[in-house]
Amino acid sequence: MSLDNLPVKIIGISGSPRKGSTQYCVQEALKTAGEIAKVSTEFIDLRGKTINFCIHCNRCVKNGVQYCPAFDDDMNDFYPIMMEGDGFIVGSPVYQMTVSGQLQAFFNRLRPIAPLIQKGHWASRVGGAIAVGGTRHGGQETTLETILNFFFCTGMVAVSGGIYAYNGGAIWSQDKKEEGAKEDLVGMETVRVVARRVVFTAKMMKYGAEYLSTFYDPARFTGTEITESFAERRKRLQEDSR
Ligand SMILES: Cc1cc2nc3c(=O)[nH]c(=O)nc-3n(C[C@H](O)[C@H](O)[C@H](O)COP(=O)(O)O)c2cc1C
């Protein structure tokens, strides 16, 4: 059996409020990912979306619901999509050397799925980061760090952009939106490297675990107890492999 024939879904997220360089870079990453066999992609564009700040009412966690009881805004459309991803490519414009407020609000509002994350839902999922700054050295690295921290907080495995893009895709847009990103040939190559690494690592994480001699229970890697759903999954895998 070849990993090439096994399907994975990659979700791209653009944290920019406008049609500009970040949107272009994330879409370019998804295009690169989609050129690999059996990869499906979905694009989440935060542009034009209403995403309120998390107010930490904890009603989602207390009631065990995977939607936000506090706000009926665009965020509720994203929970099911986020649950489906095997790999994530998250891009942000650099704002004051970190991610945009829109992206930070999006990260914070993922709290309704926190209980599932604690049980290891994303322990075998993969993340790659992209940062687009108007200045050549305007804080791309610190922005990437924030996105990588999001992956670490959720238990995901984060990939680097390789030897020329240590912590992800870093692009200098010169404040010229899509045109500026296109002119940064080196930066755009780091975007494509991140995309390929997310896909191949996602395939290995998703299917490789099934070939370990010891059952890989994602919950064990998040410090939480083995749950009913993972026990059921284990049973299914064992039945499938007979
Ligand atoms: C509020 C704000 C803060 C910014 N801060 C920085 C910064 O710290 N470093 C930088 O390189 N560019 C900064 N920029 C420029 C944007 O990062 C740059 O234009 C980026 O390409 C915008 O992405 P977009 O075209 O996808 O919207 C800032 C822009 C805004 C609106």
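Because the structure is a prediction, the values reported are computed rather than measured.

Rules behind the numbers
- Residues numbered from 1 in each chain as written.
- Predicted model: local features only at pLDDT ≥ 70, side-chain atom pairs only at ≥ 80, totals over all residues.
- Heavy atoms only, no water.
- Phe/Tyr/Trp six-rings, centres within 6.5 Å; stacked < 30°, edge-to-face > 60°.
- Buried < 20%, exposed > 50% of the residue type's maximum accessible area, 1.4 Å probe, protein only.
- Near = heavy atom within 4 Å.
- Polar contact = N/O pair within 3.5 Å; in protein donor to acceptor, adjacent residues only side chain to side chain.
- Areas by Shrake-Rupley, 256 points an atom, 1.4 Å probe, with all protein chains shown as cover.
- Helix = DSSP H or I, 4+ residues; strand = E, 2+ residues; numbered from the N terminus.
- Nonpolar A, V, L, I, M, F, W, Y, C, P; charged D, E, K, R; others polar.
- Contact = heavy atoms within 4.5 Å.

Observations regarding the packing of aromatic side chains
Inspection of every chain in the model, using the stated rule, returns 6 aromatic pairs. Aromatic pair Phe150 and Phe151: ring centres 5.7 Å apart, planes at 55°, arrangement tilted. For the pair shown, Phe150 and Phe151 are each scored as buried. Three or more aromatic residues joined by ring pairs form one cluster here, namely Phe78, Phe88, Phe106, Phe107, Trp122, Phe150 and Phe151.

Considerations on the site of the ligand
As a matter of local geometry, the ligand sits amid 17 residues, with Arg18, Thr22, Val94, Ser173 and Asp175 nearest to it. Note that an oxygen atom of the ligand is positioned 2.8 Å from one of the side-chain N or O atoms of Ser21. At 2.5 Å from an oxygen atom of the ligand is found a side-chain nitrogen or oxygen belonging to Ser173. Calculation on the ligand without its partners gives an accessible area of 630 Å², and the protein chains cover 76% of this total. Elements with a minimum of two residues in the shell around the ligand: helix H1 (21-34) and strand E4 (126-133). When grouped by side-chain class, the residues that make up the shell around the ligand number 5 nonpolar, 10 polar and 2 charged.

Let's talk about the side chain of Gln23
Mapped onto the secondary structure, Gln23 falls in helix H1. Among the polar contacts made by the side chain of Gln23, one reaches the side chain of Asp45 at a distance of 2.7 Å. When near neighbours in sequence (up to four residues on either side) are disregarded, Gln23 contacts Ser14, Arg18, Phe43, Asp45 and Arg47.

Describing unusual backbone geometry
In most cases, non-glycine residues show a negative phi, while peptide bonds are predominantly trans. At Asp175, a position not held by glycine, the phi torsion is positive, near 55°. Mapped onto the elements, Asp175 comes out in the loop between strand E6 (169-172) and helix H7 (177-183). Residues other than glycine seldom take positive phi values, yet Lys177 does so here, at roughly 50°. Structurally, the position occupied by Lys177 is in helix H7.

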